[in-house]
Amino acid sequence: MRRNTKVLAWIVGILLVLIVLPFVILALLDWNRFKPTVNARVSEAIGRPFVIDGELGVAWRREPAEGGLRALLPWPEFTARDVRIGNPDWARQREFARLDAV
């Protein structure tokens, strides 16, 4: 095998790994490990208690109604189940909203 062919094969292989690796990581990652961090950051950002009691997950969806590249490739869709947003301490009601899924 010539040297140019080997270099080209390595470049193509590395590019394929760099393209496929993010998809594999998104598919195999346990998103529920990030719930405490997400809860804390969202609570801090909105100034109210925020809790995700359900599952965090990622599903791959294609949009066939869209045109071009978006219709061909699947895109990640992040979901959070059983989300609760609390009211500030001065409010009468304890919860502002309870959502089945976001």
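The structure we're discussing is the one just above.
Definitions and limits used
Residues numbered from 1 in each chain as written. Predicted model: local features only at pLDDT ≥ 70, side-chain atom pairs only at ≥ 80, totals over all residues. Heavy atoms only, no water. Helix = DSSP H or I, 4+ residues; strand = E, 2+ residues; numbered from the N terminus. Contact = heavy atoms within 4.5 Å. Expected span 1.5 Å × (residues − 1). Bend = angle between axes of the 7 residues up to and from the residue. Core = buried A, V, L, I, M, F, W, Y, C linked by side-chain atoms within 4.5 Å. Buried < 20%, exposed > 50% of the residue type's maximum accessible area, 1.4 Å probe, protein only. Salt bridge = Lys/Arg side-chain N within 4 Å of Asp/Glu carboxyl O.

> When you look at the side chain of asparagine 87 in this model, what are you seeing that I'm missing?
Take asparagine 87: it is sitting in the loop between strand 3 (75-86) and strand 4 (95-101). Residues within four places of asparagine 87 in sequence aside, it is in contact with Arg48, Pro49, Gln93, Arg94, Glu95 and Phe96.

> Explain helix 1 (residues 3-28) to me, please; I cannot follow it from the model alone.
Given 3.6 residues per helical turn, the α-helix brings residues three or four places apart onto the same face. With 26 residues, helix 1 should reach 38 Å at 1.5 Å per residue; the first-to-last C-alpha distance of 36 Å fits that figure. Maximum bend of helix 1: about 30°, positioned at valine 20, with proline proline 22 one to four residues after it.

> I'm lost on the nonpolar core in this one. Help?
Soluble globular proteins tend to pack their nonpolar side chains together in the buried interior. One finds Trp31, Phe50, Ile52, Leu56, Ala80, Val83 and Ile85 forming the largest nonpolar core, which totals seven residues. Counting residues per element, the ones that place at least two in this core are strand 1 (50-52) and strand 3. At three residues, the largest contribution of residues to this core is made by strand 3. Not counting residues within four places of it along the chain, the set of residues in contact with isoleucine 85 comprises Ile46, Arg48, Pro49, Phe50, Glu95, Phe96 and Ala97.

> In this structure, what is going on with the pattern of salt bridges? I would like to understand it.
Once their charged atoms are close, side chains differing in charge can pair, the charge on each being opposite to the other. Summed over the entire model, instances satisfying the criterion amount to five salt bridges. The residue glutamate 95 makes a salt bridge to arginine 84 at a minimum N-O spacing of 3.8 Å. Placement of glutamate 95 in strand 4 and of arginine 84 in strand 3 is noted, with a sequence separation of eleven residues between them. Take glutamate 95: its relative accessible area is 29%, and that puts it in the partly exposed class. Here arginine 84 falls in the partly exposed class, since its relative accessible area comes to 23%. Two residues, glutamate 95 and arginine 98, come together in a salt bridge whose shortest N-O distance is 3.5 Å.

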